[in-house]
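# Architecture at a glance
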Amino acid sequence: DAGVIQSPRHEVTEMGQEVTLRCKPISGHDYLFWYRQTMMRGLELLIYFNNNVPIDDSGMPEDRFSAKMPNASFSTLKIQPSEPRDSAVYFCASMSEYTEAFFGQGTRLTVV
Amino acid sequence: GDSVTQMEGPVTLSEEAFLTINCTYTATGYPSLFWYVQYPGEGLQLLLKATKADDKGSNKGFEATYRKETTSFHLEKGSVQVSDSAVYFCALRRIQGAQKLVFGQGTRLTINP
């Protein structure tokens with residue numbers, strides 16, 4: 001397996017634009033997590049899914065953020081409209097009941 | 001709720017020094033415990049884990065023992081190398097119920113030659 005795949009690796013966008021981050025989890029994993037990492041706040045859990053269903057979205061900062069998992073092999077995190085304070089590295093991770101969590105390489109988002 | 005607390009960083013050591021990074025947790029029941037490492041520009045990767053009390057996880061010369069009585073999982077290495085420079089995260093995961101993975105704030109480690 002190629003591991004957790006995130007795209008794009010880098011994204012630069014202007015304030016107010018919509019941004020969509022993508023994640024392909026490892027096949028067979030039924031948990032998927034979205035994290036945000038910044039120098040100031042460290043690693044924050046935004047939302048996680050189990051069997052494609054959102055279980056806990058209490059970490060989503062505000063209504064501008066939304067996440068979906070339409071099937072077991074794909075998830076998106078959308079920010080609309082984006083703001084400079086959303087600049088961060090966004091990580092996706094997947095796991096099963098019997099494995100540890102595996103992380104993607106992350107998407108570095110810069111909102112100017 | 002569940003939480004993980006790590007020692008404040010950054011930590012700077014000389015090569016071959018002894019390393020300890022403290023980690024304590026608060027959780028309902030007996031979670032599984034993990035140490036993850038993040039090298040520059042990369043995602044987190046599992047370093048070691050322990051699934052029950054008194055278990056010792058080990059990998060690449062690093063060790064951590066699951067101490068239920070002190071709710072701790074401190075990371076240790078007897079002789080660090082420059083290549084160990086990275087950010088280290090302690091994490092927990094419940095064994096039953098919601099399988100939420102909770103991380104500490106991370107500790108940045110720099111090893112000088």
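Within any chain, residue numbers begin from 1 and follow the written order of that chain's sequence. Chain letters and ligand numbers both follow the written order, the letters beginning at A and the numbers at 1. Only residues with pLDDT of at least 70 are given local features in this predicted model, and only at 80 or more are side-chain atom pairs given and counted; all residues enter the totals for whole chains, interfaces and linings. Just so you know, side-chain values use all the structure's heavy atoms and leave hydrogens and water out.

### A word on the overall build of chain B
The secondary structure listing takes helices from DSSP runs of H or I that are at least 4 residues long and strands from runs of E that are at least 2 residues long, numbered from the N terminus. A tally of regular secondary structure across chain B gives 0 helices and 12 strands. Each helix and strand of chain B, ordered N terminal to C terminal, gives the series β-β-β-β-β-β-β-β-β-β-β-β. Note on method: radius of gyration uses C-alpha positions; expected globular size equals 2.2 Å times residues raised to 0.38. For 113 residues, the compact-globule estimate of 2.2 N^0.38 gives 13 Å, and the C-alpha radius of gyration of chain B, at 14 Å, lies within 12% of that figure. Expressed as lengths along the three principal axes of its C-alpha atoms, the size of chain B is roughly 45 × 30 × 20 Å. Residue exposure (1.4 Å probe, protein chains only): buried if accessible area is under 20% of the type maximum, exposed if over 50%, otherwise partly exposed. Expressed as a percentage of its 113 residues, the buried residues of chain B come to 43%.

### With respect to the sheet that holds strand β3 (residues 19-21) of chain B
All names here are of chain B. Pairing is antiparallel across the open sheet formed by 4 strands, whose spatial order is β3-β9-β8-β7. Of all the strands in the sheet, the pair left with one neighbour each is β3 and β7 (56-59). Between one strand axis and the next, the sheet turns through 20° on average, direction left out of account. Between any two strands, pairing holds if DSSP finds at least two bridges. For helices, the fitted line uses only the C-alpha atoms of the stretch in contact; every axis is such a line through C-alpha atoms, and the angle between N-to-C directions lies from 0 to 180 degrees.

### Focus: the side chain of glutamine 38 of chain B
Mapping glutamine 38 of chain B onto the fold places it in strand β5 (residues 32-38). Counted as a polar contact is a pair of N or O atoms within 3.5 Å, where, for protein atoms, one must be capable of donating a hydrogen and the other of accepting one, and residues adjacent in sequence contribute only when both atoms are in side chains. There is a polar contact of 3.0 Å between the side chain of glutamine 38 of chain B and the backbone oxygen of glutamate 42 of chain B.

### As for the nonpolar core
If you look at the biggest cluster of nonpolar residues, it comprises 25 residues, and the most contacted ones within it are Trp35, Leu47, Leu48, Phe73, Leu75 and Tyr88 of chain B. Of all the elements, strand β10 (residues 86-93) of chain B adds the most residues to this core, at 4 residues. What makes a nonpolar core is a set of buried Ala, Val, Leu, Ile, Met, Phe, Trp, Tyr and Cys residues whose side-chain atoms join them at distances within 4.5 Å. Counting residues in hydrophobic clusters, the runner-up holds 21 residues, among them Ile47, Met60, Met69 and Ile79 of chain A.

### A word on the interface of chain A and chain B
The contact rule is simple, with two residues in contact once any of their heavy atoms fall within 4.5 Å. Listed per partner, the contact involves 21 residues of chain A and 17 residues of chain B. Defined here as a combined quantity, buried area equals the accessible surface (1.4 Å probe) lost by two parts on assembly, summed across both. Summing the contributions of chain A and of chain B, the shared interface buries around 1,500 Å²; its carbon and sulfur component is 55%. A per-residue breakdown of the area chain A buries against chain B is headed by Leu43, Glu100 and Phe103 of chain A, which together make up 30% of the total. The term salt bridge refers to a pairing of a side-chain nitrogen on Lys or Arg with a carboxyl oxygen on Asp or Glu at a separation within 4 Å. Applying the counting criterion to the chain A and chain B interface returns 1 salt bridge. A salt bridge links lysine 100 of chain B to aspartate 56 of chain A, with the nearest nitrogen and oxygen atoms 2.9 Å apart. Linking chain A with chain B are 7 residue pairs in polar contact (both at pLDDT 80 or more), by the criterion used here.

### Regarding unusual backbone geometry
The omega angle of the peptide bond from glutamine 80 of chain A to proline 81 of chain A is -5°, so this bond is cis rather than trans. Position of proline 81 of chain A among the secondary structure elements: in the loop between β8 (74-79) and β9 (88-95). At the junction of glycine 9 of chain B and proline 10 of chain B, the peptide bond is cis and its omega measures out at -10° in the coordinates. The residue proline 10 of chain B is located in the loop between β1 (3-6) and β2 (11-14) in this model. Within the chain, threonine 71 of chain B stands out as a residue other than glycine whose phi angle is a positive 40°. Along the chain, threonine 71 of chain B turns up in the loop between β8 (62-65) and β9 (75-77).

### Comments concerning the side chain of threonine 107 of chain A
Residues and elements named next belong to chain A. Here threonine 107 lies in strand β11 (residues 107-111). Residue classification places threonine 107 among the buried positions, given a relative accessible area of 0%. Within the structure, threonine 107 has its side chain in polar contact with the backbone oxygen of proline 8 (distance 2.5 Å). With near-sequence residues (within four places) excluded, threonine 107 lies in contact with Gln6, Ser7, Pro8, Arg9, Leu21, Ala88, Val89 and Tyr90.

### Notes on the sheet that holds strand β1 (residues 5-7) of chain A
Hydrogen bonds between backbone groups are what pair the strands of a sheet, and the pairing can be parallel or antiparallel. Residues and elements named next belong to chain A. The strand order across the open sheet built from 4 strands is β1-β3-β8-β7, with neighbouring strands paired in antiparallel fashion. In this open sheet, the two strands that pair with only one neighbour each are β1 and β7 (65-71). Sheet twist, expressed as the mean angle between neighbouring strand axes with direction ignored, is 15°. Pairing geometry for strand β3 (residues 19-24) and β8, over 5 bridges, is antiparallel. Looking across to β8, one finds that cysteine 23 is bridged to serine 75.

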